[in-house]
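# Architecture and fold: a report
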Amino acid sequence: MLNKLSLVLASLNVIIGRFAICSAGNAQYANPNIPTIAKYFGTKGRYEEVNPHLVDDILSVNKSNVEPPSPDCKAVHITAVLRHGTRYPSSKYIKDMKNIYGLVLTKANGTESWLRDLKTQWKMWYTEEMDGHIVDKGRDDHRHLAVRLATSFPTLISAENLRNNRFQFFTSSKHRCVASIKAFEEGLATFWKTEESQFKHEENDELMRFFDQCRRYIHDVANNRTALAEVDLFRSRPEMRRVQEKVADRLQVPYSDITTDLVEAAFLLCAYDFAIKTENSPWCILFDEEDAQVLEYMSDLKQFWKRGYGHDINRKSSCSLFHDMFSRLDRVANESRFGEVTEAVTVQMGHAETLLPLLTLLGLFQDELPLNSSNYAAQRSRAFRSGLVVPYAANLVLVLYDCQAGLRLQALLNERPLPFPNIPHPAPLYHTVKQAYQQLLQGCSFKKECELPSHT
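Residues numbered from 1 in each chain as written. Predicted model: local features only at pLDDT ≥ 70, side-chain atom pairs only at ≥ 80, totals over all residues. Heavy atoms only, no water.

### What to know about the overall build of the protein
What the protein contains, in helices and strands, is 20 helices and 7 strands. The C-alpha atoms of the protein give 24 Å as radius of gyration, which agrees with the globular expectation for 456 residues (23 Å, within 12%). Taking the principal axes of the C-alpha coordinates as reference, the protein spans close to 85 × 55 × 40 Å. Expressed as a percentage of its 456 residues, the buried residues of the protein come to 55%. (Helix = DSSP H or I, 4+ residues; strand = E, 2+ residues; numbered from the N terminus. Rg over C-alpha atoms; globule rule 2.2 N^0.38 Å. Buried < 20%, exposed > 50% of the residue type's maximum accessible area, 1.4 Å probe, protein only.)

### A few points about the sheet that holds strand β1 (residues 74–83)
Two modes of strand pairing occur in sheets, parallel and antiparallel, and in both the strands are linked by backbone hydrogen bonds. Read across the open sheet, the 7 strands follow the order β3-β2-β4-β1-β5-β6-β7; overall the sheet is mixed. Single-partner strands in this sheet number two, and they are β3 (202–203) and β7 (416–417). Against the sheet, helix α6 (residues 175–192) makes contact with β1, β2 (167–171), β3 and β4 (345–350), and its axis sits at roughly 150° relative to β2, the strand it touches most. Helix α16 (residues 352–361) contacts β1, β4, β5 (395–403) and β6 (406–413) of the sheet and is inclined by roughly 120° relative to β1. (Pairing = 2+ DSSP bridges. Contact = heavy atoms within 4.5 Å. Axes fitted to C-alpha atoms, helices over the stretch in contact; angles between N-to-C directions.)

### A short note on unusual backbone geometry
With a phi angle near 55°, T278 is a residue other than glycine that sits in the positive phi range. In this structure, T278 sits in the loop between α12 (260–277) and α13 (289–306). A positive phi is found at A393, a non-glycine position, where the angle reads about 65°. Residue position: A393 is located in the loop between α17 (386–389) and β5.

### Here we look at the pairing of β2
When you tally the buried positions in β2, you get 4 out of 5 residues, the bulk of the element. Bridge count between β2 and β4: 5 bridges; the pairing is parallel. If you follow Q168 over to β4, its bridge partner there is T346. Sheet topology places β2 next to β3; 2 bridges connect them, and they run parallel. Each residue of the ladder has a partner; that of T171, found in β3, is E203. Handedness of the β-α-β unit built from β2, α6 and β3 comes out right-handed. (Right-handed = clockwise from strand over helix to strand, strands pointing away.)

### Regarding the packing of helix α2 (residues 91–107) against helix α3 (residues 113–120)
When two helices pack together, their arrangement is given by the angle between their axes and by how far apart the axes lie. Between α2 and α3, the shortest axis-to-axis distance is 9 Å and the interhelical angle comes to 110°. Overall, the two elements α2 and α3 adopt an arrangement that is roughly perpendicular. Along this stretch, α2 crosses α3, giving a crossing that reads as left-handed. Residues Y101, V104 and L105 of α2 form the contact with α3, whose own contacting residues are L115, L118 and K119. Residues that form the contact of α2 with α3 fall into these classes: 5 nonpolar, no polar and 1 charged. (Parallel < 35°, antiparallel > 145°, perpendicular 65-115°, else oblique. Left-handed = near helix turned anticlockwise from the far one by under 90°. Nonpolar A, V, L, I, M, F, W, Y, C, P; charged D, E, K, R; others polar.)

### Quick word on the state of the cysteines
Two cysteines whose sulfur atoms are joined by a covalent bond form what is called a disulfide. By the definition in use, this model includes 4 disulfides. The disulfide bridge from C73 ends at C403, spanning 2.0 Å between sulfur atoms. Here the S-S torsion is close to 115°, and the disulfide linking C73 with C403 is therefore right-handed. Of this pair, C73 sits in the loop between α1 (4–28) and β1 while C403 sits in strand β5, and the two are 330 residues apart along the sequence. Its relative accessible area of 9% is what places C73 among the buried residues. Between the sulfur atoms of C270 and its disulfide mate C284 the distance is 2.1 Å. Handedness here is read from the sign of the S-S torsion; for C270 and C284, about 95°, the answer is right-handed. (Disulfide = S-S within 2.5 Å.)

### A closer look at the confidence of the model for the protein
Per-residue pLDDT for the protein averages 92, and the proportion of residues at 70 or more is 93%. Overall, residues 1–30 carries pLDDT values under 50, and its contacts beyond four positions in sequence, including any with other chains, amount to 30 contacts. (pLDDT = per-residue confidence, 0-100.)

### What to know about the nonpolar core
Counting residues in hydrophobic clusters, the biggest one holds 108 residues, and the most contacted among them are L251 and W283. In terms of residues, this core owes the most to one element, α12, which gives 13 residues. Counting 36 residues, the second-largest nonpolar core is a separate cluster that includes L145, I157, L188 and W192. (Core = buried A, V, L, I, M, F, W, Y, C linked by side-chain atoms within 4.5 Å.)

Below is the structure:
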């Protein structure tokens, strides 16, 4: 039984929670179509949150982002590494979603309209059979991306180059990636008014799911309970406990009923309803911007320690993709000297788990201090923000230009210019880029990095 002081404090918390609901609700519905917390959804975020201009025109291209380094430059090759489009939640999260929904139906109290909507209007429509499969929005993500890239680089991503077999398409074997590469091909076929039968893609898990092939990564990180210790520690930090308490207050249930898993599930219900259906779900009203920032940090912590800078093997697991990329660029560079490039465009479809280690290996989005459980406040302006780096349909595009001064390499991430670390020029000479990564090019052996010591 609660003592009188506890009852008073509980009552105050409920009042504060209701005030927060009112404040959050007013903010959320300032724009009824987009939750104000949408930019904090991390890897579950829409591509449009990174490029807001696409909300008004999904095929619009910012020409200034894709201009050649100088008028004398001619694009000779593009390599694009893509993440699959919007998908359903995994079965693990769907189980937790069912649990928080059941708790709301049976225990939540209050007369607020958003809670009434959750109980009477919103229905649990996610099923465990969905388990990460692509959704219609996810296919559209790549149909539209294909058209935008073809519009941005018409001399390379062209029907003529397709007819002349100067395209290569690779994909992870996962259904959501195969569906995404097919959608990308459909987008080009429709744009060019050509037959889809001309497109061929190859499944290659050694490149696009290298993390499944790296024994050291699997042993040291994927199957190691201590690898994500900082994430577990953050779950018990005051910042996270405060979010749990606020959610409990808004639902008017005991604090003990709301676990971090249930808080995360409710947050993901908001995120997935928006990503899949473009709906500002009543689940979103459970969270204000401060809550969303804390939950985003917890997600980024997980990505940091599981796919990013947290463990060295995370980035080294992408050595095979790194070498494949530069081997292709080297081949094109050599061919361009003789005026005939056999492979104009390479499109590779993978996962957030494909892109993040590669970007980390390239030294991108690295903060001065590593993310950990105790420096949330100090990391408010961090560079490692997964929602800005690898939302659904994220893409790293490398464009090789033949210029009077030599070959230049331009990088774009999510259709925005991406400077290479410690290289001031936006499109440096190709040999300058190779010099910057010389140590990795001479080493970074996937076989060596990923083998386990004999005593393990």
